[in-house]
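So you can see what is in the structure, the chains are spelled out below.
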Amino acid sequence: NAGVTQTPKFQVLKTGQSMTLQCAQDMNHNSMYWYRQDPGMGLRLIYYSASEGTTDKGEVPNGYNVSRLNKREFSLRLESAAPSQTSVYFCASSPRDRGYNSPLHFGNGTRLTVT
Amino acid sequence: AQTVTQSQPEMSVQEAETVTLSCTYDTSESDYYLFWYKQPPSRQMILVIRQEAYKQQNATENRFSVNFQKAAKSFSLKISDSQLGDAAMYFCAYRVNFGNEKLTFGTGTRLTIIP
């Protein structure tokens, strides 16, 4: 099983450019998440999707949009990238139907640099 | 709002010795879950151990164990017989057991193993 797959692994953008980070999971999980990781700040939730067709804001949603395309895929879009969005982005999923003690399964992250 | 605090940005331990990483959290809920994740240099997020708040018995996974003090809202991780492969960032995380599915992370502790 591939688990949670994120693409791309690395990306460099110029200020004002747009891009979409892709995430797909093959574990039939209901819930999917996007986090960003910054030095000294841990992982902060950007958006999450409890099920196909639903999305909710997390702690730091400004400047981002998401799409839960189907049960497998959850994309994160930066419409106009800013240097403050330089970060490592993680996608994660969890099997909601197993109860809330289910741990998150993470992708390997995307390192994004905005110049 | 729930918060998770890791007060030790960095720790080091001699190989084969024991080290304890601290974590405290703030919540008004009584039913929740706590997790420790490991992030090696590969950037992958790996679940180390989990604890259900309603269980008094401390969780154990091989060389990893926790000291869960619910009244004190403390959740420390003990690593016994430290190995070079234990070198990583360690994140403490909290998740309430209903409604909100978000996983809230601490800022992390970087663990160095001294040969």
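**Some points on the overall build of chain B**
Okay, step 1: In terms of regular secondary structure, chain B is built from zero helices and 12 strands.
Okay, step 2: Start at the N end of chain B and walk to the C end: the helices and strands fall as β-β-β-β-β-β-β-β-β-β-β-β.
Okay, step 3: On C-alpha atoms alone, chain B measures out to a radius of gyration of 14 Å, which is about the 13 Å that the 2.2 N^0.38 rule sets for 115 residues.
Okay, step 4: Considered along the principal axes of its C-alpha atoms, chain B spans approximately 45 × 25 × 20 Å.
Okay, step 5: Residues classed as buried in chain B amount to 49% of the 115 residues present.
Okay, step 6: A fraction of 55% describes how many contacts in chain B between residues 6 or more apart in sequence connect residues 24 or more apart.
Okay, step 7: Summed over its atoms, the accessible surface of chain B is roughly 5,600 Å², and 45% of this surface lies on carbon and sulfur atoms.
Okay, step 8: Charge-centre separation for chain B: the mean point of 11 positive side chains lies 4 Å from the mean point of 11 negative side chains.

**A few points about unusual backbone geometry**
Okay, step 1: Across the junction of A:Thr7 and A:Pro8, the peptide omega takes the value -5 degrees, indicating a cis bond.
Okay, step 2: With respect to the secondary-structure elements, A:Pro8 resides in the loop between strand S1 (4-7) and strand S2 (10-13).
Okay, step 3: Despite not being glycine, B:Asn62 shows a phi value in the positive range, around 55 degrees.
Okay, step 4: We classify B:Asn62 as exposed; its relative accessible area is 75%.

**Side note on the sheet that holds strand S8 (residues 74-78) of chain A**
The strands making up a sheet associate through backbone hydrogen bonding, with each pair oriented either parallel or antiparallel.
All names here are of chain A.
Okay, step 1: In space, the four strands of this open sheet follow the order S1-S3-S8-S7, with antiparallel pairing throughout. Here the strands that pair on one side only, and so sit at the sheet edges, are S1 and strand S7 (64-68). Within this sheet the neighbouring strands show an average axis-to-axis angle of 15 degrees, counted without direction.

**Some thoughts on the interface of chain B and chain A**
Okay, step 1: Listed by partner, the interface residues are 22 residues for chain B and 28 residues for chain A.
Okay, step 2: Taken together, the connections running from chain B to chain A amount to zero salt bridges.
Okay, step 3: Among the elements that line the side of chain B that touches chain A, the one with the most residues is strand S5 (residues 32-39) of chain B, at four residues.
Okay, step 4: The class makeup of the residues in the side of chain B that touches chain A is 10 nonpolar, six polar and six charged.

**What about the state of the cysteines?**
All names here are of chain A.
Okay, step 1: Tallied over the full model, the rule gives two disulfides over all chains.
Okay, step 2: Here Cys 23 is linked by a disulfide to Cys 91, with a sulfur-sulfur distance of 1.8 Å. With the S-S bond torsion at -75 degrees, the cross-link from Cys 23 to Cys 91 turns out left-handed. Separated by 68 residues along the polypeptide, Cys 23 in strand S3 (residues 19-25) and Cys 91 in strand S9 (residues 87-94) bring together distant segments of the chain.

**Overview of the nonpolar core**
Okay, step 1: Counting residues in each nonpolar core, the largest one holds 26 residues, and the members touching the most others are B:Tyr25, B:Trp36, B:Phe75, B:Leu77 and B:Tyr90.
Okay, step 2: Elements with a minimum of two residues in this core: strand S3 (19-21), S5, strand S6 (46-52), strand S8 (64-69), strand S9 (74-79), strand S10 (88-96) and strand S12 (109-114) of chain B.
Okay, step 3: Setting aside anything within four residues of it in sequence, one finds B:Tyr25 in contact with B:Thr3, B:Val4, B:Tyr32, B:Leu34, B:Phe68, B:Gln69, B:Lys70, B:Lys73, B:Ser74, B:Phe75 and B:Tyr94.
Okay, step 4: Residues A:Tyr47, A:Leu76, A:Leu78 and A:Cys91 belong to the second largest nonpolar core, which totals 20 residues.

**What about the environment of B:Ala72?**
Okay, step 1: Along the polypeptide, B:Ala72 turns up in the loop between S8 and S9.
Okay, step 2: Sequence separation of B:Ala72 and B:Glu10 is 62 residues, and the distance between their C-alpha atoms is 23 Å.

Rules behind the numbers
Residues numbered from 1 in each chain as written. Chains lettered and ligands numbered in written order. Predicted model: local features only at pLDDT ≥ 70, side-chain atom pairs only at ≥ 80, totals over all residues. Heavy atoms only, no water. Helix = DSSP H or I, 4+ residues; strand = E, 2+ residues; numbered from the N terminus. Rg over C-alpha atoms; globule rule 2.2 N^0.38 Å. Buried < 20%, exposed > 50% of the residue type's maximum accessible area, 1.4 Å probe, protein only. Contact = heavy atoms within 4.5 Å. Areas by Shrake-Rupley, 256 points an atom, 1.4 Å probe, with all protein chains shown as cover. Lys, Arg positive; Asp, Glu negative; His and termini not counted. Charge placed at Lys NZ, Arg CZ, Asp CG, Glu CD. Pairing = 2+ DSSP bridges. Axes fitted to C-alpha atoms, helices over the stretch in contact; angles between N-to-C directions. Salt bridge = Lys/Arg side-chain N within 4 Å of Asp/Glu carboxyl O. Nonpolar A, V, L, I, M, F, W, Y, C, P; charged D, E, K, R; others polar. Disulfide = S-S within 2.5 Å. Core = buried A, V, L, I, M, F, W, Y, C linked by side-chain atoms within 4.5 Å.

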